[in-house]
Amino acid sequence: MYREIIPPRRPSLAGPLKSTHFRQPLLDAARHSQLLALSNLETAGGSVDFEPVDLAGVCASAVAAAGTRAQAKSVTLDWQMPPAACRLSGSQTLLESMVANLIDNAIRYCDSGCRVVLRCRRKGKTLMLTVDDSGPGLDPEQLSRATARFYRAVDTNLTGAGLGLSIVENIAKIHGGQLQLGKSTLGGLCASLRFEID
């Protein structure tokens, strides 16, 4: 059973402010930041310090942090609280970045009125994290390229560096995990992360 955290907000009659004059420097800064993050991930290798991390707590914080953005797009953001602890050995900072990028990606490509659902659960020695959305999703060709650097679906005019899912995949690999992308039961994209834990 889902517990709704962030309800959608009615869109403003005035509409969002748009200014390409101010937007481009912000986009360039965001792209530079993500490129730097990706470069650091690819060179980090085994030098990342690990500690016990509660992935459920990371998810809860990420959902709360994304609330304003979800409301601004009238997207409903749901978080399914796991019945048991979801702990793994990893980097708190990297895992926070991983979850934040997954949620950001889902909200970014969802239209007004869509729904994003975040789940975290443990089954035996496997930890699963999934982000489902009811957005447009990706076709098979797009799915095969979605984690490539700078890739963005050609039929969208949204802003972004095209690095979010690449960063997610790299962080998952550092933690011995795998990222899988597919069709969501909600109709959009399902991003699924699997980690083997002790």
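Residues numbered from 1 in each chain as written. Predicted model: local features only at pLDDT ≥ 70, side-chain atom pairs only at ≥ 80, totals over all residues. Heavy atoms only, no water.

Asks: Describe the overall build of the chain, naming the residues involved and giving the relevant values.
Replies: A count of helical and extended segments in the chain gives 6 helices and 8 strands. In the chain, the order of α-helices and β-strands from amino to carboxyl end is β-α-β-α-α-β-β-α-β-β-α-α-β-β. Of the contacts made within the chain by residues no fewer than 6 positions apart, 73% connect residues no fewer than 24 positions apart. A total accessible area of about 11,100 Å² is found for the chain, and carbon and sulfur atoms account for 53% of it. (Helix = DSSP H or I, 4+ residues; strand = E, 2+ residues; numbered from the N terminus. Contact = heavy atoms within 4.5 Å. Areas by Shrake-Rupley, 256 points an atom, 1.4 Å probe, with all protein chains shown as cover.)

Asks: Summarise the nonpolar core; cite the residues concerned and give the values.
Replies: Leu55, Met98, Val99, Ile103, Leu129 and Leu193 are the most contacted members of the largest nonpolar core, which has 42 residues in total. A per-element tally of this core places helix α4 (residues 92-109) first, with 8 residues. Among residues more than four places away in sequence, those in contact with Val99 are Leu55, Val58, Cys59, Ala62 and Leu129. (Core = buried A, V, L, I, M, F, W, Y, C linked by side-chain atoms within 4.5 Å. Buried < 20%, exposed > 50% of the residue type's maximum accessible area, 1.4 Å probe, protein only.)

Asks: An account of the environment of Ser192 is needed here, citing residue identities and associated values.
Replies: Tracing the sequence through the fold places Ser192 in strand β8 (residues 189-196). Separated by 10 residues in the primary sequence, Ser192 and Gly182 place their C-alpha atoms 8.2 Å from one another. Dropping the residues within four chain positions of it, Ser192 is found in contact with Met128, Leu129, Thr130, Gln178, Leu179 and Gln180.

Asks: Would you mind going over the side chain of Ser184 in detail, with residue names and values included?
Replies: Within the fold, Ser184 resides in the loop between β7 (178-183) and β8. Given the relative accessible area of 5%, Ser184 is considered buried. Here the side chain of Ser184 touches Asp132 through a polar contact of 2.8 Å, side chain to side chain. Beyond its immediate sequence surroundings of up to four residues, Ser184 is in contact with Asp132, Asp133, Leu189 and Cys190. (Polar contact = N/O pair within 3.5 Å; in protein donor to acceptor, adjacent residues only side chain to side chain.)

Asks: How would you summarise the pattern of salt bridges if you had to cite specific residues and measurements?
Replies: A side chain of one charge can pair with a side chain of the opposite charge if their charged atoms are brought near each other. Enumeration according to the criterion identifies 4 salt bridges in this entry. Between Asp78 and Arg115 there is a salt bridge whose closest N-O contact spans 2.7 Å. With Asp78 in strand β3 (residues 76-80) and Arg115 in strand β5 (residues 115-123), this residue pair connects regions lying 37 residues apart in the sequence. Judged by its relative accessible area of 3%, Asp78 is buried. In this structure, Asp104 engages Arg108 in a salt bridge whose closest nitrogen and oxygen atoms are separated by 3.1 Å. Separated by 4 residues within a single helix, Asp104 and Arg108 lie in helix α4, roughly one turn from each other. (Salt bridge = Lys/Arg side-chain N within 4 Å of Asp/Glu carboxyl O.)

Asks: Any details on the confidence of the model for the chain? Residues and values, ideally.
Replies: This prediction gives the chain a mean pLDDT of 79; 69% of its residues lie at or above 70. Contacts from residues 10-28, a stretch scored under 50 in pLDDT, to residues over four places away or in other chains number 6 contacts. (pLDDT = per-residue confidence, 0-100.)

Asks: Can you explain the packing of helix α2 (residues 55-65) against α4? Please cite residues and give values.
Replies: The interhelical angle for the contact between α2 and α4, taken along N-to-C directions, is 50 degrees, at an axis separation of 9 Å. Comparing their axes, α4 and α2 come out oblique. Regarding α2 and α4, the two cross each other, and that crossing is right-handed. Counted together, Leu55, Val58, Cys59, Ala62 and Val63 of α2 and Gln92, Leu95, Glu96, Met98, Val99 and Ile103 of α4 form the full contact between these two elements. Residues that form the contact of α2 with α4 fall into these classes: 9 nonpolar, 1 polar and 1 charged. (Axes fitted to C-alpha atoms, helices over the stretch in contact; angles between N-to-C directions. Parallel < 35°, antiparallel > 145°, perpendicular 65-115°, else oblique. Left-handed = near helix turned anticlockwise from the far one by under 90°. Nonpolar A, V, L, I, M, F, W, Y, C, P; charged D, E, K, R; others polar.)

Asks: Explain unusual backbone geometry to me, using residue names and the numbers behind them.
Replies: Phi is positive for Ser74, close to 55 degrees, though the residue is something other than glycine. Its location among the elements puts Ser74 in the loop between α3 (67-72) and β3.

Asks: For helix α6 (residues 164-174), give the residues involved together with the corresponding values.
Replies: For α6, the tally of buried residues reaches 9 of 11 residues, placing the bulk of the element in the interior. For α6, the complete set of buried residues consists of Gly164, Leu165, Ser166, Ile167, Val168, Asn170, Ile171, Ala172 and Ile174. Of the residues flanking the end of α6, it is Gly176, one or two places downstream, whose phi is positive at about 75 degrees.

Asks: I'd like a description of the pairing of strand β4 (residues 87-90), backed by residues and values.
Replies: With burial as the criterion, only one face of β4 is covered, namely that bearing Leu88 and Gly90; the residues Arg87 and Ser89 on the opposite face remain uncovered. Two elements, strand β2 (residues 51-54) and β4, share 4 bridges in a ladder whose sense is antiparallel. Bridge pairing links Val53 to Leu88 in β4. (Pairing = 2+ DSSP bridges.)

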